[in-house]
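Structure assessment
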Amino acid sequence: MRSYRKPAAAGLGCLLALATAACSGQGDAAAPASKAPASPTSVTSPTATAAAGTSYAPYLSATEAAGTDTAGSPTTYNLAFVIAGGDDCTPRWNGTHAIGDAKVASRVAKLKADGARVRVSFGGASGKELAVNCDSAAALATAYGKALDAAGTTLADFDIEGDELSDSASIALRSEAIARLQEERADLEVSFTLPVMPSGLDKDGLALLASANDKGVQVSTVNLMTMNYGSSYDGDMGGYALTAAKAAHTQLRKTFGTSDPAAWRGMALTSMIGVNDVANETFTLADAAEVRAFAEEKGIAWVSMWSTARDRQCADGSKPAEAATNCSGVKQEAGAFGKAFAG
């Protein structure tokens, strides 16, 4: 997904790693997601909240509040994004704010005030994910830990896309660092946010999961970015999301050796609301309701969207030529997508 790192001229991109540039390339027109046992690792969803049903966990800016952040009363907020600020191994919010920034700390406290949790999302479509810069698994694990401690959370999301999805060196280092971190933090829950097509995860996404599996990473959830498929996909975005989920479900069962229900439970779905980064792709409120109903039927862990700042109508109900960072591009009431995804 896009990040919040750059000015908002062209809109948010794919998942918060949904920058003015579009999300990572998924289709032909898209621009650039106790001690670990031996593999295979099971996909599980250990949180009590998730076990009670499909929860709603939108992506939002870690640094800038939006009036629609709390629409739908999310149970969890995905904070986008923690990345490297330059060429070092120092974690920063959006690559610009110190990890201990008082403004971010205040924002996180307000989001938690009503009992919601926060999940730190590392990576995104813009900037450098820390695994590209850090020179050892120990240093990378420390960097991740600093961000988690700053947010006061045990939930970590790794939004890996673009060139980093095919960078075998950073993938291996990340897997090792996460496994190390889970040895140190028995309650750490890990999700991977990955691009998907209606045909399922691509070979790079599957290779990333295999790397995590080989290193003994306990993966709670694989979050599918159901968006930005390419110019040939100009039909029902809700239907494409369901088709992608079904294809990925088969892949997850094979990759992790789980049961049918466990593979659904180990999945999350994230849509880019309204106008997407690929021409002719528009995700509607009806699509959101369709995805929510499907997720409940299958027992999917959580549904999400990119992003809360976009959950409102653009000025005068206009539809921008490109996806905007601060509105959806479809006619709606403020917060309507959040409410639809919350069910």
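A quick note: this is a predicted structure, and the numbers were derived from the prediction, not measured.

Here is what the cut-offs are and how they apply
- Residues numbered from 1 in each chain as written.
- Predicted model: local features only at pLDDT ≥ 70, side-chain atom pairs only at ≥ 80, totals over all residues.
- Heavy atoms only, no water.
- Helix = DSSP H or I, 4+ residues; strand = E, 2+ residues; numbered from the N terminus.
- Buried < 20%, exposed > 50% of the residue type's maximum accessible area, 1.4 Å probe, protein only.
- Areas by Shrake-Rupley, 256 points an atom, 1.4 Å probe, with all protein chains shown as cover.
- Core = buried A, V, L, I, M, F, W, Y, C linked by side-chain atoms within 4.5 Å.
- Contact = heavy atoms within 4.5 Å.
- Expected span 1.5 Å × (residues − 1).
- Axes fitted to C-alpha atoms, helices over the stretch in contact; angles between N-to-C directions.
- Parallel < 35°, antiparallel > 145°, perpendicular 65-115°, else oblique.
- Left-handed = near helix turned anticlockwise from the far one by under 90°.
- Pairing = 2+ DSSP bridges.
- Right-handed = clockwise from strand over helix to strand, strands pointing away.
- Salt bridge = Lys/Arg side-chain N within 4 Å of Asp/Glu carboxyl O.
- Lys, Arg positive; Asp, Glu negative; His and termini not counted.
- Arc of directions from axis to C-beta.
- Disulfide = S-S within 2.5 Å.

Within the protein chain, the regular secondary structure consists of 10 helices and 13 strands. Residue burial in the protein chain is summarised as follows: out of 343 residues, 59% are buried. When the accessible surface of the protein chain is totalled, it reaches about 12200 Å², and 50% of it is carbon and sulfur.

Okay, the nonpolar core next. If you look at the biggest cluster of nonpolar residues, it comprises 78 residues, and the most contacted ones within it are Phe122, Tyr144, Phe192 and Phe341. The element that contributes the greatest number of residues to this core is helix H7 (residues 237–256), accounting for nine residues. Not counting the four nearest positions on each side in its chain, tyrosine 144 is found in contact with Phe122, Glu129, Leu130, Ala131, Phe158, Arg174, Ala177, Ile178 and Leu181.

Here helix H5 (residues 168–184) spans 25 Å end to end across 17 residues, near enough to the 24 Å set by a 1.5 Å rise per residue. Among the residues of H5, those classed as buried are Ser170, Ile171, Leu173, Arg174, Ser175, Ala177, Ile178, Ala179, Leu181 and Gln182.

Moving on, we get to the packing of helix H6 (residues 203–214) against H7. Relative orientation of the contacting elements H6 and H7 amounts to 30 degrees, with a least axis distance of 10 Å. Between H6 and H7, the angle is such that the two are roughly parallel. For the pair H6 and H7, the sense of crossing is right-handed. Facing H6, whose interface residues are Leu206, Leu209 and Asn213, H7 presents Gln251, Leu252, Thr255 and Phe256.

Among the five residues that make up strand E7 (residues 155–159), five are buried, leaving the element largely enclosed by the rest of the structure. With burial as the criterion, each face of E7 is covered, one bearing Leu155, Asp157 and Asp159 and the other bearing Ala156 and Phe158. Examined bridge by bridge, strand E6 (residues 117–123) and E7 share four bridges and lie parallel to one another. Within E7, the residue paired with valine 120 across the bridge is alanine 156. Two elements, E7 and strand E8 (residues 189–195), share five bridges in a ladder whose sense is parallel. Each bridged residue has a counterpart across the sheet, and for phenylalanine 158 the counterpart in E8 is phenylalanine 192. Traced from E7 through H5 to E8, the parallel crossover comes out right-handed.

The subject of this paragraph is the pattern of salt bridges. Throughout the structure, instances matching the rule amount to 10 salt bridges. Among the salt bridges present, the one from lysine 103 reaches glutamate 64, with a minimum N-O distance of 3.0 Å. In this pair, lysine 103 sits in helix H2 (residues 102–112) while glutamate 64 sits in the loop between strand E2 (59–61) and strand E3 (76–84), placing the two residues 39 residues apart along the sequence. Note on glutamate 64: relative accessible area 45%, which makes it partly exposed. One salt bridge connects aspartate 88 with arginine 92, and the closest N-O pair in it is separated by 3.4 Å. Residue aspartate 88 is classed as partly exposed on the basis of its relative accessible area of 32%.

Secondary-structure assignment places aspartate 287 in helix H9 (residues 285–298). Buried charge without a partner: aspartate 287 forms no salt bridge, and the closest opposite charge is lysine 319, 11 Å away. Each residue touching aspartate 287, except ones within four places of it in the same chain, is listed here: Asp236, Met237, Gly238 and Thr282.

Taking 1.5 Å as the rise per residue, H9 with 14 residues should run 20 Å; its terminal C-alpha atoms sit 20 Å apart, in good agreement. Of all the positions in H9, only Asp287, Ala288, Val291, Arg292, Phe294 and Ala295 are classed as buried. The buried residues of H9 occupy an angular sector of 165 degrees when the element is viewed end-on, so they sit on one face. Turned more than 90 degrees away from the buried face of H9 sit Ala286 and Glu297, all of them exposed. Phi turns positive, to about 80 degrees, at glycine 299, one or two residues after H9.

Moving on: the state of the cysteines. Taken as a whole, this structure holds two disulfides when the rule is applied. There is a disulfide in this structure between cysteine 89 and cysteine 134, and the S-S distance comes to 1.8 Å. Given an S-S torsion of about 90 degrees, the disulfide between cysteine 89 and cysteine 134 has right-handed geometry. With cysteine 89 in the loop between E3 and strand E4 (91–93) and cysteine 134 in the loop between helix H3 (130–133) and helix H4 (137–151), the pair connects residues that are 45 residues apart, well separated along the chain. For cysteine 89, a relative accessible area of 23% translates into the label partly exposed. The disulfide that involves cysteine 314 links it to cysteine 327, with 2.0 Å between the sulfurs. Looking along the S-S bond of the cysteine 314-cysteine 327 disulfide, the torsion reads about 85 degrees, which is the right-handed sense. With cysteine 314 in the loop between strand E13 (302–306) and helix H10 (336–342) and cysteine 327 in the loop between E13 and H10, this pair connects stretches of sequence that are 13 residues apart.

The topology assignment puts threonine 142 in helix H4. The spatial distance from the C-alpha of threonine 142 to the C-alpha of leucine 181 is 8.0 Å, given a sequence separation of 39 residues.

Turning next to unusual backbone geometry. In this model, tryptophan 306 is joined to serine 307 through a cis peptide bond whose omega is -5 degrees. Tracing the sequence through the fold places serine 307 in the loop between E13 and H10. Within the chain, asparagine 94 stands out as a residue other than glycine whose phi angle is a positive 60 degrees. Of note, asparagine 94 is situated in the loop between E4 and strand E5 (97–98). Asparagine 94 sits in the buried class, given a relative accessible area of 3%.

Worth remembering: the numbers are spatial, not functional.
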